[in-house]
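# Structural features, examined
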There are 2 protein chains.
Amino acid sequence: MAGLWFTEKQTENFGITMKVKRTLHTEKTDFQYLEMVETEEWGNMLLLDGMVMTTQRDEFVYHEMVAHVPLFTHPNPENVLVVGGGDGGVIREVLKHPNVKKATLVDIDGKVIEYSKKYLPEIASGLEDERVEVKVDDGFMHIAQSENEYDVIMVDSTEPVGPAVNLFTKGFYAGISKALKEDGIFVAQTDNPWFKADLIRKVQKDVKEIFPITRLYLANIPTYPSGLWSFTIGSKKYDPLAVPDEQFLDIETKYYTKEIHKAAFVLPKFVQDLTK
Amino acid sequence: MAGLWFTEKQTENFGITMKVKRTLHTEKTDFQYLEMVETEEWGNMLLLDGMVMTTQRDEFVYHEMVAHVPLFTHPNPENVLVVGGGDGGVIREVLKHPNVKKATLVDIDGKVIEYSKKYLPEIASGLEDERVEVKVDDGFMHIAQSENEYDVIMVDSTEPVGPAVNLFTKGFYAGISKALKEDGIFVAQTDNPWFKADLIRKVQKDVKEIFPITRLYLANIPTYPSGLWSFTIGSKKYDPLAVPDEQFLDIETKYYTKEIHKAAFVLPKFVQDLTK
């Protein structure tokens, strides 16, 4: 059918809308409603429960910023875990780091992985790499069963509704702390400061009670609510704001640079206020 | 009428949509189609030719970032000019600078001023200040008739369609250079890097041919296309990246800080590439 527009209501009263060329796949999985859509403006797009997860055109921002900030903060990230992230975009970025020996992806929904490989092949491109282990499993349980194992954990979850609701709890952050080695770092996507100020404030408070170094950083993602996305870092030892210059390696990126690494932590005043 | 949504197509295939409480005023002025609308998410909103100009909820970002970056870069901005900006938001921020003795606003459309005073009173609040002179006039002509007069010029225009088309030409930037004193600075809003890369590239090239110091900086504005807005600075003497620390004064803001002043010039890689 021609002339179709998809609209995501990002709040009760505001949203984005985009022209759809065609629907590639829709399926009610065991966990969520999955849609793959070809759009005019953003290329192929993955929706979960009606929310934009990733698009071919702007995916690089999110995936680069989730992966490279913690990975360049850690001096030797050998063993890393991605919770969620079944599209494979974070894994693709992780594999750009030569120190990484093993990357484990744990996504609860195998269908996300399956259809990302099919319709978002340049995003999922790293999932077949020999350093990568893909597990279709509950990330919360995987974390609970891990101890002193990972250098870096990246939580690439959906919003705190549906299957990801446990991934925004203090108990989860405590589990992450246990699953990390004694100098480990984690990062989680923590939504946007315009519509979800309370969530960011709560996560900051919870993570601060567990990790000695807690930081918030930002990136611009046009297809996410407000265009401004936040990420929370909890770190046991290494400060993302005190990375030795020689620790930054040259890797190919479209958004991240070592200067962006630092500038992303400089917060607008109203966002800074959420971290106090 | 209940259940109305306003949609702005920011590109042919993408837009934002928001719930409207009621229309406050609509008018075909001599220059453009003016609408004032009360929205659920963003408060009162000014549209010109169907494009979001400003909303009560997120206006502070744009107005603070247009005004404070050049004004803190200049050591003694006494005489400043705002071209466009009839809503008064930039003027309100300009007046926070104690050095400013005179601020002239030149907007081609008196109706924008009139209805901003009525429906956006906290944005237009500075327009009655004794340091402010408001002229309903053609900004291009005003610039062409000025010589060696202003310390700082801020171009707060609409998009380069309709009445603002002349404000994105090299001839205009040459006029600005002439209207500025020998150590003057100007800033212009220059749209967004996701959908208007060619425009940014062209403005950078044109301004570089006239001003020895040319810089691009960014801010997050949720109701503007892509959520990421760019501003181009041309400066004859003072570098916005080399402001002495004591030159930053404490003023009340919600977005701008002296750290944001610096971080705003740190560009994502794909944006940096537009300035080369």
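Residues numbered from 1 in each chain as written. Chains lettered and ligands numbered in written order. Predicted model: local features only at pLDDT ≥ 70, side-chain atom pairs only at ≥ 80, totals over all residues. Heavy atoms only, no water.

Identification of chain A as Polyamine aminopropyltransferase from Bacillus smithii 7_3_47FAA is taken from an unreviewed UniProt entry. Annotation of chain A in UniProt includes, under Catalytic activity (unreviewed entry), the sentence "S-adenosyl 3-(methylsulfanyl)propylamine + putrescine = S-methyl-5'-thioadenosine + spermidine + H(+)". The record in UniProt for chain A states the following under Sequence similarities (unreviewed entry): "Belongs to the spermidine/spermine synthase family." (UniProt positions renumbered as here; feature names shortened; annotations may be inferred.)

In globular proteins that are soluble, nonpolar side chains generally tend to be buried together. One finds A:Met65, A:Met154, A:Phe231, B:Met65, B:Met154 and B:Phe231 to be the most contacted residues of the largest nonpolar core, which totals 123 residues. Leave out the neighbours within four places in its chain, and B:Met154 touches B:Val66, B:Ala67, B:Pro70, B:Val80, B:Leu81, B:Val82, B:Val83, B:Val90, B:Val94 and B:Val187. (Core = buried A, V, L, I, M, F, W, Y, C linked by side-chain atoms within 4.5 Å. Buried < 20%, exposed > 50% of the residue type's maximum accessible area, 1.4 Å probe, protein only. Contact = heavy atoms within 4.5 Å.)

Residues and elements named next belong to chain A. Following the UniProt record, one finds the feature "binding site: spermidine" (unreviewed entry) at His 63, Asp 87, Asp 156, Ser 157, Thr 158 and Glu 159. As for its placement among the helices and strands, His 63 is situated in helix α1 (residues 59–73). Looking at His 63, the relative accessible area reads 1%, which means it is buried. Apart from the residues within four sequence positions on either side, His 63 is in contact with Thr 54, Asp 87, Gly 89, Val 90, Arg 92, Glu 93 and Ile 123. As for its position among the elements, Ser 157 is in the loop between β9 (150–156) and α5 (170–179). For Ser 157, a relative accessible area of 8% translates into the label buried. For Ser 157, the residues in contact, after removing those within four places along its chain, are Tyr 62, Val 83, Ala 164, Leu 167, Phe 168 and Gln 189. (Helix = DSSP H or I, 4+ residues; strand = E, 2+ residues; numbered from the N terminus.)

Now for the interface of chain A and chain B. Counting from both sides, the interface comprises 39 residues of chain A and, opposite them, 39 residues of chain B. In total, about 3,200 Å² of surface goes out of reach between chain A and chain B, with carbon and sulfur atoms giving 67% of it. In this assembly, chain A and chain B are joined by zero salt bridges. At the boundary of chain A and chain B, one finds 16 residue pairs in polar contact (both at pLDDT 80 or more). Secondary structure elements with two or more residues in the side of chain A that touches chain B: β1 (5–11), β2 (14–28), α1, α7 (258–263) and α8 (269–272) of chain A. Take the side of chain A that touches chain B: its biggest share by element is six residues, from β2(A). Of the residues that constitute the side of chain A that touches chain B, the class distribution is 18 nonpolar, 11 polar and 10 charged. Two strands pair when backbone bridges link them, and β2(A) and strand β2 (residues 14–28) of chain B are joined in this way by five bridges, in the antiparallel orientation. Within β2(B), the residue paired with A:Gly15 across the bridge is B:Thr17. (Buried area = accessible area lost by both parts, 1.4 Å probe. Salt bridge = Lys/Arg side-chain N within 4 Å of Asp/Glu carboxyl O. Polar contact = N/O pair within 3.5 Å; in protein donor to acceptor, adjacent residues only side chain to side chain. Nonpolar A, V, L, I, M, F, W, Y, C, P; charged D, E, K, R; others polar. Pairing = 2+ DSSP bridges.)

With that settled, consider the packing of aromatic side chains. Evaluated as defined, the whole model comprises 38 aromatic pairs over all chains. Three or more aromatic residues link up through ring pairs in this structure, and these residues are A:Phe14, A:Trp194, A:Phe195, A:Phe270, B:Trp42 and B:Phe60. In this structure, A:Arg57 is placed above the aromatic ring of A:Trp42, and the distance from its NZ or CZ to the ring centre is 5.2 Å. (Phe/Tyr/Trp six-rings, centres within 6.5 Å; stacked < 30°, edge-to-face > 60°. Lys NZ or Arg CZ within 6 Å of the ring centre and 35° of its normal.)

Turning next to the pairing of strand β12 (residues 228–235) of chain B. Residues and elements named next belong to chain B. With respect to burial, β12 is a largely interior element, eight of its eight residues being buried. The side-chain alternation of β12 yields two buried faces, one formed by Leu 228, Ser 230, Thr 232 and Gly 234 and the other by Trp 229, Phe 231, Ile 233 and Ser 235. Note that strand β10 (residues 180–189) and β12 share five bridges and pair antiparallel. Note that in β12 the partner of Ala 188 across the bridge is Thr 232. As defined by bridge partners, strand β11 (residues 213–220) adjoins β12 across eight bridges and the pair is classed as antiparallel. Bridged to Leu 218 within β12 is Ser 230.

Listed as buried for helix α3 (residues 110–119) of chain A are A:Val112, A:Ile113, A:Tyr115, A:Ser116 and A:Tyr119. Sitting at the head of α3(A), A:Asp109 places a side-chain oxygen 3.1 Å from the backbone nitrogen of A:Lys111.

Residues and elements named next belong to chain A. Segmentation of chain A into domains returns domain 1 (5–54) and domain 2 (59–238 + 256–275). The straight-line distance from the C-alpha centre of domain 1 to that of domain 2 is 22 Å. Summing the contributions of domain 1 and of domain 2, the shared interface buries around 2,000 Å²; its carbon and sulfur component is 71%. The tally of links from domain 1 across to domain 2 stands at one salt bridge. (Domains from an automatic or database assignment.)

Considering all chains together, one arrives at 46 salt bridges over all chains under this definition. A:Arg57 serves as the salt-bridge partner of A:Glu41, at 2.5 Å between the closest nitrogen and oxygen. Of the two residues, A:Glu41 sits in the loop between β3 (33–39) and β4 (43–48) while A:Arg57 sits in the loop between β5 (51–55) and α1, which places them 16 residues apart along the sequence. We classify A:Glu41 as buried; its relative accessible area is 13%. We note a salt bridge from B:Glu27 to B:Lys111, for which the minimum N-O separation is 3.3 Å.

Residues and elements named next belong to chain B. Although it is not a glycine, Asn 148 sits at a positive phi angle of roughly 50°. By the secondary structure assignment, Asn 148 is in the loop between α4 (139–144) and β9 (150–156). A positive phi angle, close to 75°, is found at Ser 226, a residue other than glycine. For Ser 226, the location among the structural elements is in the loop between β11 and β12.

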